[in-house]
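Here's the letter readout for the chains.
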Amino acid sequence: MTPGPLDEVAITDVPDTARSHTWLNGSAAVAITLALVALTVAAIAVGIGSLLLYSQSGAFWPEAIPPYVDYLGEPYHCMDLGSPDMRGLTVQGHTIGGGLIYARPPIGSEASAGFVVVTDGNRRETCVFGG
């Protein structure tokens, strides 16, 4: 074999424009990093919000009838005790999940009964004072 013209060119004489290309260039890496940071921040915000809601109502997601209700700054523990007596009760507020809180009208800023009734339109639960 006779030597060809390429035999005289050194392998290291590659032009600068022939750099290796990868699928992840600089701007794609920045975009992926920013997306991951945004996703992490959103997940942390949802987690903190769920924990705060849980500390207030005993539920991680807003529920019409949560395990606990705050009425006039006092805790009430909700449970299914059968059909509650609704005589004398009027709508006094809403739960975080949109349920209606029925209670006797307060005297001043104090609750006038040891219980409230929370309803979501289909079912009713009695919530007793003292959570």
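Before reading on, note that the structure itself is shown above.
A brief report on the enclosed structure follows. (Residues numbered from 1 in each chain as written. Predicted model: local features only at pLDDT ≥ 70, side-chain atom pairs only at ≥ 80, totals over all residues. Heavy atoms only, no water.)

Counted residue by residue, strand 5 (residues 115-119) has four buried out of five residues, so it is predominantly covered. The sheet contact formed by strand 4 (residues 100-103) and strand 5 spans three bridges and is antiparallel. Note on strand 5: the bridge partner recorded for Tyr102 is Val117. Relative to strand 6 (residues 124-129), strand 5 is paired through five bridges, and the arrangement is antiparallel. Pairing of Val117 across the sheet is with Thr126, part of strand 6. The turn joining strand 5 and strand 6, which pair antiparallel and follow one another in sequence, is formed by four residues; a positive phi near 105° is taken by Gly121. (Buried < 20%, exposed > 50% of the residue type's maximum accessible area, 1.4 Å probe, protein only. Helix = DSSP H or I, 4+ residues; strand = E, 2+ residues; numbered from the N terminus. Pairing = 2+ DSSP bridges.)

Before going further, it helps to spend a moment on unusual backbone geometry. Phi angles above zero are rare outside glycine, and Leu72 is one such case at about 55°. Here Leu72 shows up in the loop between strand 1 (68-71) and strand 2 (74-79). Note on Leu72: relative accessible area 39%, which makes it partly exposed.

With that out of the way, let us pick up the pairing of strand 4. As paired strands, strand 3 (residues 90-94) and strand 4 are joined by four bridges and run antiparallel to one another. Bridging across to strand 4, Gly93 finds its partner in Ile101. A loop of five residues connects strand 3 with strand 4, the two strands running antiparallel in sequence, and Gly98 in this loop sits at a positive phi of about 100°.

Counting 10 residues, the largest nonpolar core consists of Ile65, Val69, Tyr71, Tyr76, Cys78, Ile101, Ala103, Val116, Val118 and Cys127. At the level of secondary structure, the elements contributing two or more residues to this core comprise strand 1, strand 2, strand 4 and strand 5. (Core = buried A, V, L, I, M, F, W, Y, C linked by side-chain atoms within 4.5 Å.)

Scanning all chains against the criterion turns up two aromatic pairs. Considering the side-chain rings of Tyr76 and Phe129, the 5.5 Å spacing of their centres and the 65° angle between planes classify their relative orientation as edge-to-face. Of this pair, Tyr76 sits in strand 2 while Phe129 sits in strand 6; the two residues are 53 residues apart in sequence, bridging distant segments of the chain. The exposure class assigned to Phe129 is partly exposed, which follows from its relative accessible area of 46%. Ring-pair connections join several aromatic residues into one group, and the members of that group are Tyr71, Tyr76 and Phe129. (Phe/Tyr/Trp six-rings, centres within 6.5 Å; stacked < 30°, edge-to-face > 60°.)

With that settled, the discussion passes to the sheet that holds strand 6. Read from one edge of the open sheet, six strands run 1-2-6-5-4-3, paired in antiparallel fashion. Each edge of the sheet is formed by a strand with only one pairing partner; in this case those strands are strand 1 and strand 3. Taking each pair of neighbouring strands and ignoring which way they run, the sheet shows an average axis angle of 35°. (Axes fitted to C-alpha atoms, helices over the stretch in contact; angles between N-to-C directions.)

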